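Residues per chain are reported as follows:
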Amino acid sequence: MKEFPLPAGMSAETFLSDYWQKKPLLIKAAFPAFKTPLLPDEIAGMACEAGIESRLIIENSGIGRAANDDAAPWQLRHGSFDESLFSELPESHWTLLIQEVHQYVPLLAQLLESFRFIPNWRIDDMMVSYSPVGGSVGPHVDQYDVFLLQGLGRKRWQISTAEVNEADLIEGIDLQILAHFEAEQSWELEVGDMLYLPPGVTHHGVALEESLTYSIGFRAPVERDLITSFVDYLAEERLPTRHYRDPDLVLQQHPGEISAASLQHVRNIIKQMPVSDQDIARWFGQVVTASKSGDDAEPQRQPMSVDAFLSRFQQGEKLWRCELSRFACTAEGASMLLFVAGRIEPLAGATNAAVYQLCDQREHSAEAWGGLLRSNENGALLCRLYNDGHLYFENDQD
Ligand code: SIN
Ligand code: CO
């Protein structure tokens, strides 16, 4: 089996240097003999569940309702939906979308392992779309990279690299759909084929038959949001709470003027903000591992002792990462910081190699941990993460 789902002979290095964030790439048979872990009925079931984010997009013009004066060309509805919806839907021209499917289906979480040539923290979400023939979400542009993996049926993808402005979008609907779209390139994707698109490329995927597509989307935070989030973090952690003072105030000719001296005071306050590289690393690791939905892993009702935990692990039961909990680490001097689910986990003597193992892998076996388990601190860390719900034994789910 090839290591990454890239075209034969293409290394991950070539993908990163020539395509990533630069240009589209069609990867035929990226996953040969791909078998979708989710079926249309299961997707419909998920759309009816509260707590699972789902959307329905109907192309009214596709089902002949554009002639009707009041019908908007596209319609967006948010789940959760009632089961009766599915008997009321037209035969064609709609798409059902479910977010974060990797959190509900372990086989899909495993599929994310195929994208290890991009750092974990950059991965945002795996979404699935289900469409009957003619279904699409309209020609649109996303601001993040995406891999579109065909899971069932065939879909025609058309793309354009032409620049898109606000004025090009259809007004009055909460969807960024282009009013006019001219394709530059077009491909027909079959099961197991995958299309990579960098941000800013307009794309339009239309189901040629009952079709299912997995979108592996990447995180591209808006810089303004990064800065405001960091300032909030700093405010919480250490920004001074002392008040503005000006014992050097002199009489002004214009009391209505904000003097140059006052502005200098304020500039000093802003410029002397106590920001260190360590703050940035600690804030960033916590932010990017925080759960997107706000849902957190559930701690074990009855915590296990380290001995009981290790004996279960060493008897061969595999541990899995709870997909609500994101893991990441970064070096801080000679030691490491471990971030789990938006918090810094105290390492209490656990080794750097154990931290890498935890962050690089979704699945853990005593065999793979091998010598790492000779350290009591590593075992204790694993046990704590298990008790806190960030890891689970594969048999816990039964
Ligand atoms: C689709 O699955 O048809 C839409 C996915 C996307 O455009 O990101
Ligand atoms: Co898209």
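The written sequence of each chain sets the order in which its residues are numbered from 1. Here every chain gets a letter starting at A, and every ligand a number starting at 1, in the order they are written. Reporting of local features is limited, given that this is a predicted model, to residues whose pLDDT is at least 70; pairs of side-chain atoms are given and counted only at 80 or more, and all residues count toward the totals for whole chains, interfaces and linings. Side-chain measures here rest on the full set of heavy atoms in the structure, leaving out hydrogens and waters.

A.B. asks: Please provide a residue-by-residue account of unusual backbone geometry, values included.
C.D. replies: In the segment running from Gly-79 into Ser-80, the intervening peptide bond is cis, with an omega of 10 degrees. Locating Ser-80 in the fold gives a position in the loop between β3 (74–78) and α3 (85–88). Within the chain, Ala-33 stands out as a residue other than glycine whose phi angle is a positive 55 degrees. Every helix listed is a DSSP run of H or I at least four residues long, and every strand listed is a run of E at least two residues long, numbered separately from the N terminus. Relative to the elements of secondary structure, Ala-33 occurs in the loop between β1 (25–27) and α2 (40–47). Positive phi is not limited to glycine here, since Ala-341 has a value of about 50 degrees. Of note, Ala-341 is situated in the loop between β14 (335–340) and β15 (343–345). Exposure classes here rest on a 1.4 Å probe applied to the protein chains alone. A residue is buried below 20% of its type maximum, exposed above 50%, and partly exposed in between. Looking at Ala-341, the relative accessible area reads 7%, which means it is buried.

A.B. asks: Can you tell me about the packing of aromatic side chains, naming the residues and giving the values?
C.D. replies: Stacked, tilted and edge-to-face are the three classes assigned to paired rings of Phe, Tyr and Trp, where Trp is represented by its six-membered ring and a pair needs centres within 6.5 Å; plane angles under 30 degrees give stacked, over 60 edge-to-face, the rest tilted. On inspection of all chains with the given rule, the structure shows 25 aromatic pairs. With a centroid separation of 5.0 Å and 55 degrees between ring planes, the pair formed by Phe-115 and Phe-147 is classed as tilted. Remark: Phe-147 occurs in strand β6 (residues 146–152) and Phe-115 occurs in the loop between α4 (106–112) and β5 (123–131); sequence separation between them is 32 residues. The same class applies to Phe-115 as to Phe-147, namely buried.

A.B. asks: Got a sec to walk through the sheet that holds β15? Specific residues and values, please.
C.D. replies: The strand order across the open sheet built from 3 strands is β13-β14-β15, with neighbouring strands paired in antiparallel fashion. Of all the strands in the sheet, just β13 (327–332) and β15 have a single pairing partner and so form its edges. Between one strand axis and the next, the sheet turns through 35 degrees on average, direction left out of account. Contacts are assigned to residue pairs with any non-hydrogen atoms lying within 4.5 Å of each other. Note on geometry: axes are lines fitted to C-alpha atoms, helical ones only across the stretch in contact, with angles between N-to-C directions running from 0 to 180 degrees. Docked against the sheet, helix α9 (residues 352–360) engages β13 and β14, running at close to 30 degrees with respect to β14. A pair of strands is treated as paired once DSSP finds two or more bridges between them.

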